[in-house]
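The chain contents come next:
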Amino acid sequence: MAGTTTTNGGSITSEAVPLVATNGGAAIVKYGTDDDISTPATTTTITSHVASISMWGSMAIAVNSLTGPAMLDLPATFQRSGLIPTTCTLICVCVLSALCSLHMADTISKVPGNLNFSKEVEFSESFRVFWGHRWFVVTEIIFFCCVSCLNISSIVDTAQVVDTFVGHLVPGGSIALQFANDGLHLERWDPSLCSHQHIQRGECIAFETTTGGLLITLGYLVTAAIFFPMALMDLKENSAFQIVGFMVLLGATFQFAIEFTLSGLDWNNLSLWGTSWDTLFGVVLFNFSLLIAIPSWLYERHPAVDVPTVIHGSSILSTILYMVVGIMGALAIPKVSDNMLESMMSGMYGMSMQIGASLFAFMIVGLGSPLFSVLTRMNLTGSGLATQRVGNMLAVYFPWGISWLFYQGNLVTKLLSWGGVIFTSAVAFLLPLVLALHTVLEFDQEGSIHVYGMNGWIVSRRAQIIALIALLSLAVISVGIAVAGEFYIGG
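Computed from a prediction, not measured in an experiment: that's the story for all the values here. (Residues numbered from 1 in each chain as written. Predicted model: local features only at pLDDT ≥ 70, side-chain atom pairs only at ≥ 80, totals over all residues. Heavy atoms only, no water.)

Caption draft 1: Main features of the pattern of salt bridges. Following the criterion strictly, the structure yields 3 salt bridges and no others. Here D106 and K110 are joined by a salt bridge, their closest N and O atoms 3.8 Å apart. The burial state of D106 is the same as that of K110; both residues are buried. Between E300 and K236 there is a salt bridge, with its nearest N and O atoms 3.7 Å apart. Placement of E300 in helix 10 (residues 294–300) and of K236 in helix 8 (residues 235–263) is noted, with a sequence separation of 64 residues between them. Classification of K236 as partly exposed rests on a relative accessible area of 25%. (Salt bridge = Lys/Arg side-chain N within 4 Å of Asp/Glu carboxyl O. Buried < 20%, exposed > 50% of the residue type's maximum accessible area, 1.4 Å probe, protein only. Helix = DSSP H or I, 4+ residues; strand = E, 2+ residues; numbered from the N terminus.)

Here's what the structure looks like:
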């Protein structure tokens, strides 16, 4: 028999509510219903959960979720779309992303008994609580597809970073094992064979033009050896590595700013309004994916860590980092390439820039992969949909097992890109606002997060509904513009 909580015409399903009784240092969890405690239930003994991710760890996870290799795409975006449009877009998307994350956190806090986030309520589980099993299944699929696309792309990108670095460092370049129709072959990629024009345009990419069979490269093996074990850790264990990545991000940004300044800043390289804006929203919007990490982080953060402070602080800091690198890179480099990272790693901007860019790419892109695996597994296991073993199979072994198949070919890259665009827009912007609006319309529960500040003027139910409709409309328009721009470029 299922228990139900009803408020303001809506009902919150309480099927399989965990009934907890302590037994020494452990918790005996009986999965039954809260309205029939006498009903026989499955019993599992677990260790008491301790939320311990600090403010430093929280900021690291949040900033690393917001920033990445796309930061080095921004100089070309600033030159193409102009100083004012690009800056305004960054600020607007920053605000939109932060509000979506705050609304998601507030919605999760509305789950009965979860005002202080003591329950593990993952992204999809919040939809089951407030909207039923069908939405739970749909959002599980969307979340899995979203993070898997990001994870596979991260693995492939990191492997290419390692191969590129080895190729420029070792005479003869990087190596790979090729599976061809006539057997196994050893292939090499030597960047010295690339022309100066290809390097300048960022088109000298490891093994991109190698044909004749599938490849397992040295870069892939090194990447797997370092980051695969991290993917099997939990979020608390991963937070230490995320702090290291966060420090590398800050250090690399500082180095890039100094290098750009020393090379000379020329305002003739950057116009105020630009000449092309079709990819502007696409470049900016789909890099603000903070919300993907929010549900899992809420459960693991130390209770003293303030949720709005982390969300606002990480969003503002990430936007500043984007603007510093984007504007200064655009001013320093005439006609900068869209793939500036590859150009920087080639050494054409100097040895120090090559080392800094390589370390930046390896740490920032590479540490994204285990984080994505952890978040996917927590969304699968936190709701009871999968065991830890099955969760690892889907979130860790699956992406690592197929990523090497995607190392070559533009078609696969486009499929992953489009998957990221479609699913990330749903998970990071659209679905959280739809759920938040639904809970305000159908339920009377108050959450513990002040989305618009402690003394915000959006307090009444009517004001919240109007604000959410406005935010949802803005999100739909932004995503629509970004997708249209992708279609335009693809056509």
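Caption draft 2: Main features of the nonpolar core. Counting residues in hydrophobic clusters, the biggest one holds 131 residues, and the most contacted among them are F256, F260, F288 and F429. Among all residues touching F288, those that are not within four sequence positions of it are L66, L90, V93, C94, S97, T319, Y322, A428 and F429. (Core = buried A, V, L, I, M, F, W, Y, C linked by side-chain atoms within 4.5 Å. Contact = heavy atoms within 4.5 Å.)

Caption draft 3: Up close: the packing of helix 4 (residues 123–131) against helix 5 (residues 133–169). Where helix 4 meets helix 5, the closest approach of the two axes is 7 Å, and the angle between their N-to-C directions is 165°. As far as their axial angle goes, helix 5 and helix 4 are roughly antiparallel. Once helix 4 is placed against helix 5, the crossing between them reads as right-handed. Judged by residue contacts, F123, S124, E125, F127, R128 and W131 of helix 4 engage H133, W135, F136, T139, E140 and F143 from helix 5. Among the residues making up the contact of helix 4 with helix 5, the classes are represented as 6 nonpolar, 3 polar and 3 charged. (Axes fitted to C-alpha atoms, helices over the stretch in contact; angles between N-to-C directions. Parallel < 35°, antiparallel > 145°, perpendicular 65-115°, else oblique. Left-handed = near helix turned anticlockwise from the far one by under 90°. Nonpolar A, V, L, I, M, F, W, Y, C, P; charged D, E, K, R; others polar.)

Caption draft 4: Summary view of the sheet that holds strand 8 (residues 213–217). In spatial order, the strands read 7-6-8; together these 3 strands make up an open sheet with antiparallel pairing. Edge positions in the open sheet fall to strand 7 (183–189) and strand 8, since each of these has one partner strand only. Averaged over neighbouring strand pairs, the angle between their axes works out to 30° when direction is ignored. Here strand 6 (residues 174–180) runs beside strand 8; their pairing, made up of 5 bridges, is antiparallel. (Pairing = 2+ DSSP bridges.)

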